[in-house]
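Structural overview for review
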Amino acid sequence: MLQDIRDKSQGIVVKIIVGFIVVTFALFGVDALVQSFGSSDKVAEVDGVDISRTQMLQGAETQRRQLISMMGGQINPALLEDNLLQRRALDELIQRAVLSNQAKELGLGVSDAQVNAYLLQAEQFQTNGQFDENKYLNFIRSLGFTPLAFKERIKQDVLIQQPRNAIAGSEFVLPYQVEGVSKLQSQTRSYDYVSFSLADESEITSVTDEELKAYYDENKDSFKTPEQVKLNYVVISSSDFYNKVNVTDTELQDAYQAFISSLSKEERSASHILIDTSERSDEEAQALIDEIQAKLKSGASFADMAAEYSDDIGSKNDAGNLGYVEQGTMGDEFDKVLFSMKKGDVEQAKTQYGYHLIKLDDITKPDVPSFASKKAELEESLRQDKARDALLTAHEDITDLAYASDKLDAISKEYGVDILQSAYFGREGGTDEITSNPAVIAAAYDVTVLEDGQNSSLIELNDDQVVVVHLNDHKPESFQTYDETKEQVASIVVQKKALESLKAKAEKVKESNSASWTSVEAAKRGQDEITSLAFALPHPEANAPVESIENLSNGDLVLIRLNEVSVGDLTLSDDQKLAYERYLNQTQASLNTQAQQNLLKNNAEIER
């Protein structure tokens, strides 16, 4: 059936439909396309509000992109499975619907102006403290949203956050709660312990073939060769387009001018004497300026005059020094005078702060390299950018070629790249750049590639590389033989017997109290692993220590005898008290918010 669709995909009707889709995307984005089909494929209903399959699939795709963006190559491919993503997306949509319905019942609302203000103030969309539209658009596109859809999502986020904020804002912490946390935090524990080494015990533990075979037979399901695949794949890189793009002289000149514009501008080192006019008249200020200028002409130093007269407390004791400044830093009137002066001049300027006597100490200008010296570097950069753009433009053609054929030959021939072959790898991924990529792993085990034998869709490895994969071979999960697993089984059985032996020895020591104990006095919380285990034990009663055998992270056992629990110094600094109050407030707010959400969900009529 898939091949029939491919064969018929060149018909005039299909072209008309594709044309409609392209125009719709170009003019209005994915939202308009979704709305135009008006899907009524309902997957859930929350108090009369429908959740469509389209919403669920969009939510799953958004989650997929977020996971890949946050975790990159470290992500477990199992987290990208469609069923898991769709289930989580549906759960989130149901929760959002419950909270949205509550907000509407409370008569809450969010205006477009509030959403706009929120987006303009969000730090992740800012560059140098200013809203950056390119950064904003790139971010929402990376999540698969159009601007309209993203703003609607933010509007709903702000709406459902209002009841949560009300809960958090109503929380308060009582003194006894702070005191309770302080007691727990300052608590110390005195204990004795005996440790038992698993490694040492394993050295003297022996096992028979009969024990090994019995363990293998009882735990056969634990010894399987996992499912594996081998892939054929083609990688198309921006470097494949490097020699196919041209750079014109005009583009080089434009790049050179842009480079020059990016260089540091002329800077001027200046000193000043400020006569503040907030509490004196202009005439009084001008009279002081005249007085200072007269003294300067008589030989007085500018530094001495700044120390005596200047109202700028930040510079008066530093000879009035302002350091190096660029034009646009000090204000129009100040700049107008400063950047018209010659080195050593002293001139007067008036600003909103008062009257200034400005002394120009030094001028530095950027060292501008010649066009000839930068040409090769600029050409290389432009070629790389153009090659990257060419790869981006080719995405659609690569996708079409991957879809139109059930092999990789067409792509290989069109772009002059080799068809490569991977090693076998499982659902956890392989060790190289391709087979360890989460998107590649997900594609390899997707129905389209694994079962239908078709090419994958285009997969972006990074800004400079894309890949299309095709199944070469598939090895189903299989049981390993006893001979194949004997060494592994022996290691497991030896450790198992050694641990049982250690437990018996620990129990014997616990009953006889004959071992040599190591004592620890007044240990603080989190001091080490054994101390953490001691803090997990119940308080001992009078003259009755608490004893317990515990496992350490390295496999060893430890017998702990908790003797005493003491409360340390309860004196709190203001900073400690504030930290405890914040911790308790945040914890209570989180618990109460979750409890309220659970109550709303339990009371809602939800149909899946």
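Residues numbered from 1 in each chain as written. Predicted model: local features only at pLDDT ≥ 70, side-chain atom pairs only at ≥ 80, totals over all residues. Heavy atoms only, no water.

This brings us to helix H22 (residues 574-603). Over its 30 residues, H22 runs 43 Å from end to end, which matches the ideal 44 Å to within 8%, given 1.5 Å per residue. On its buried face, H22 sits against helix H5 (82-105), helix H8 (147-169) and helix H9 (175-186). (Helix = DSSP H or I, 4+ residues; strand = E, 2+ residues; numbered from the N terminus. Expected span 1.5 Å × (residues − 1). Contact = heavy atoms within 4.5 Å.)

Taken in spatial order, the three strands line up as E2-E1-E19 in an open sheet, and their pairing is antiparallel. Only two strands of the sheet have a single partner each, and these edge strands are strand E2 (49-52) and strand E19 (606-607). Looking at chain direction, strand E1 (residues 42-46) and E2 are connected through four bridges and run antiparallel. Along E2, the bridge assignment pairs lysine 42 with serine 52. (Pairing = 2+ DSSP bridges.)

The residue serine 237 is located in strand E7 (residues 228-237) in this model. Among the polar contacts made by the side chain of serine 237, one reaches the side chain of glutamine 465 at a distance of 3.4 Å. (Polar contact = N/O pair within 3.5 Å; in protein donor to acceptor, adjacent residues only side chain to side chain.)

Let's shift gears to the packing of aromatic side chains. For the structure on display, the rule yields 13 aromatic pairs. For the pair phenylalanine 131 and tyrosine 136, a centre-to-centre distance of 5.6 Å together with 50° between the ring planes defines the contact as tilted. Judged by relative accessible area, phenylalanine 131 falls into the partly exposed class, the value being 32%. Through successive ring pairs, a cluster of aromatic residues spans Phe125, Phe131, Tyr136, Phe139 and Phe150. (Phe/Tyr/Trp six-rings, centres within 6.5 Å; stacked < 30°, edge-to-face > 60°. Buried < 20%, exposed > 50% of the residue type's maximum accessible area, 1.4 Å probe, protein only.)

With that out of the way, let us pick up the sheet that holds strand E16 (residues 518-524). The strand order E16-E5-E18-E17 describes an open sheet built from four strands, whose pairing is antiparallel. If you trace the sheet from one side to the other, it starts and ends with E16 and strand E17 (546-551), each paired once. Shown here is a sheet whose adjacent strand axes are inclined to one another by a mean of 30°, direction ignored. Pairing of E17 with strand E18 (residues 557-566) involves six bridges; the strand directions are antiparallel. Pairing of valine 546 across the sheet is with leucine 562, part of E18. Together, strand E5 (188-196), E17 and E18 form the strand contacts of helix H20 (residues 482-512), whose direction differs from that of E18 by roughly 40°. (Axes fitted to C-alpha atoms, helices over the stretch in contact; angles between N-to-C directions.)

Moving on, we come to helix H7 (residues 133-142). Because an α-helix completes one turn every 3.6 residues, residues spaced three or four positions apart along the sequence face the same direction. Taken together, the buried positions of H7 are occupied by Tyr136, Leu137 and Ile140. Down the axis of H7, the sector holding all buried residues measures 95°, keeping them to one side. Those residues of H7 that are exposed and aimed more than 90 degrees away from the buried face are Asn134 and Asn138. Where the residues of H7 are buried, they touch helix H6 (112-121), strand E4 (130-131) and H8. (Arc of directions from axis to C-beta.)

A few words now on a negative patch on the surface. Residues Asp47, Glu105, Glu605 and Glu607 make up a contiguous surface patch of negative charge. Relative to the helices and strands, glutamate 105 is located in helix H5. (Patch = residues over 30% accessible without salt bridge, like charges linked within 9 Å, V, L, I, M, F, W, Y side chains within 5 Å. Areas by Shrake-Rupley, 256 points an atom, 1.4 Å probe, with all protein chains shown as cover. Salt bridge = Lys/Arg side-chain N within 4 Å of Asp/Glu carboxyl O. Lys, Arg positive; Asp, Glu negative; His and termini not counted. Charge placed at Lys NZ, Arg CZ, Asp CG, Glu CD.)

This part covers the nonpolar core. Formed by 18 residues in total, the largest nonpolar core has its most connected members in Val229, Phe425, Val440, Tyr445, Val467 and Val469. When contributions to this core are tallied by element, the ones reaching two or more residues are E7, helix H18 (438-444), helix H19 (447-450), strand E13 (459-462) and strand E14 (465-475). (Core = buried A, V, L, I, M, F, W, Y, C linked by side-chain atoms within 4.5 Å.)

Turning our eyes to something else, we now look at the pattern of salt bridges. This structure, assessed with the given rule, holds 28 salt bridges. The salt bridge involving lysine 42 is made with glutamate 45; its shortest N-O contact spans 2.9 Å. Overall, glutamate 45 belongs to the partly exposed group, its relative accessible area being 22%. Between glutamate 477 and lysine 224 there is a salt bridge, with its nearest N and O atoms 3.6 Å apart. Taken together, the residues span a long stretch of sequence, with glutamate 477 in the loop between E14 and strand E15 (478-479) and lysine 224 in strand E6 (residues 224-225) at a distance of 253 residues. Judged by its relative accessible area of 51%, glutamate 477 falls in the exposed class. Here lysine 224 falls in the partly exposed class, since its relative accessible area comes to 29%.

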